[in-house]
Amino acid sequence: MNEIKPYTLAVFSENTVGILNLISIVYTRRSINIESVSASTTAIPGIFKTTILSYSDRETMEKVVAQIEKAIYVVKAFLFTDDQIVHQEVALYKVPTEKLMDEEDLEKIIRHHNARILEITSDYTVIEKTGHTDETEALFNELKKYGLRQFVRSGRVCVTKDPIEHVSVYLSQRDKEEKLNN
């Protein structure tokens, strides 16, 4: 039996309308829940990265990668386990300023969680925390007692622990093969 564990899929593609929909359909067809998703530009002009976290087994995730790579606008997809990447997420917390000001240990709470204050108004304070899910969740649980008004957490972002950028190597090899074939 295959072990169910977290897998991070990095999909490099052109920035095309509907690409996220095509990717999510592959997950839906295999009944895999997407735990988090983030998308952004990369250092390579015209190439975008979508990072998806889900829980499944290796065999199923390899099939997901193969299916996603068939999409016309997808350049390449890579599958990673947590030990192969460095990953983070960003969380924002909005709490009433009045309640925070009454807290004697506010500074200790923020320092303990390695968080920072982004904005203070007379009505609310916005706090930012970058870390893993368990770390952002711990601060969330602590701030609930202060009347947390809003909470939002980004999807996972990651880089590999490898010294190379896999998609750059792939594109370089693809360009060499195209030149040989022409």
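In this report, we go over the structure that sits alongside the text. (Residues numbered from 1 in each chain as written. Predicted model: local features only at pLDDT ≥ 70, side-chain atom pairs only at ≥ 80, totals over all residues. Heavy atoms only, no water.)

### Quick notes on the nonpolar core
Right, on to step 1. Counting 17 residues, the largest nonpolar core has Leu9, Val11, Ile23, Tyr27, Met61, Val64 and Ile68 as the members making the most contacts within it.
Right, on to step 2. Broken down by secondary-structure element, the contributors of at least two residues to this core are strand 1 (5–13), helix 1 (19–29), helix 2 (58–68) and strand 4 (74–80).
Right, on to step 3. By size, the runner-up hydrophobic cluster in this structure holds 14 residues, among which are Val95, Leu106, Leu143 and Leu148. (Core = buried A, V, L, I, M, F, W, Y, C linked by side-chain atoms within 4.5 Å. Buried < 20%, exposed > 50% of the residue type's maximum accessible area, 1.4 Å probe, protein only. Helix = DSSP H or I, 4+ residues; strand = E, 2+ residues; numbered from the N terminus.)

### Observations regarding the packing of aromatic side chains
Right, on to step 1. Summed over all chains, the structure comprises four aromatic pairs.
Right, on to step 2. A ring pair is formed by Phe12 and Phe78, whose centres lie 5.9 Å apart and whose planes are at 75 degrees; its orientation type is edge-to-face. Taken together, the residues span a long stretch of sequence, with Phe12 in strand 1 and Phe78 in strand 4 at a distance of 66 residues. Neither residue differs from the other here; Phe12 and Phe78 are each classed as buried.
Right, on to step 3. Measuring from centroid to centroid gives 4.6 Å for Phe140 and Phe151, while their planes differ by 45 degrees, and the two rings are tilted. In this pair, Phe140 sits in helix 5 (residues 133–143) while Phe151 sits in strand 8 (residues 150–153), placing the two residues eleven residues apart along the sequence.
Right, on to step 4. A relative accessible area of 18% places Phe140 in the buried class. (Phe/Tyr/Trp six-rings, centres within 6.5 Å; stacked < 30°, edge-to-face > 60°.)

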